[in-house]
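What follows is each chain in one-letter form.
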Amino acid sequence: MMRSSYLYLNNLRVHYLNRTAPGGGQAVILLHGLASNARIWELVAPYLADGGLEPLALDLRGHGLTDGPDGDYSFETIGRDLA
């Protein structure tokens, strides 16, 4: 099962889901498309974890349970959130 939690990035409360691989593993960030959210990855994440990866699915700004601030939603801004 994916664990739901929050973190703060660039003064923005960001929701994410993650699943720990058995024995640990390399983290992989999963991004959703427009008008979607992190839950799109719930069926894929178990296979990634079984393959030794630790999937981390984010709700991008203004999507899912992440804050939707006024202002910029450009690829550059989203890129800064991810960095």
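The structure contained in this document is the topic of the report that follows. (Residues numbered from 1 in each chain as written. Predicted model: local features only at pLDDT ≥ 70, side-chain atom pairs only at ≥ 80, totals over all residues. Heavy atoms only, no water.)

## Observations concerning the packing of aromatic side chains
Next up, step 1: One pass over the full model with this rule turns up 0 aromatic pairs.
Next up, step 2: When the ring centre of Y6 is taken as reference, the NZ or CZ atom of R13 above it lies at 3.7 Å. (Phe/Tyr/Trp six-rings, centres within 6.5 Å; stacked < 30°, edge-to-face > 60°. Lys NZ or Arg CZ within 6 Å of the ring centre and 35° of its normal.)

## A look at the environment of T77
Next up, step 1: Mapped onto the fold, T77 is located in helix α2 (residues 75-82).
Next up, step 2: Residues T77 and N10, spaced 67 residues apart in sequence, show a C-alpha to C-alpha distance of 9.8 Å.
Next up, step 3: What T77 contacts, discounting residues up to four positions off in sequence, is R61 and D72. (Helix = DSSP H or I, 4+ residues; strand = E, 2+ residues; numbered from the N terminus. Contact = heavy atoms within 4.5 Å.)

## A closer look at the nonpolar core
Next up, step 1: Core analysis: the largest hydrophobic core is formed by 6 residues, namely M2, L17, L30, A38, A45 and A57.
Next up, step 2: Each residue touching A45, except ones within four places of it in the same chain, is listed here: M2, R19 and P55. (Core = buried A, V, L, I, M, F, W, Y, C linked by side-chain atoms within 4.5 Å. Buried < 20%, exposed > 50% of the residue type's maximum accessible area, 1.4 Å probe, protein only.)

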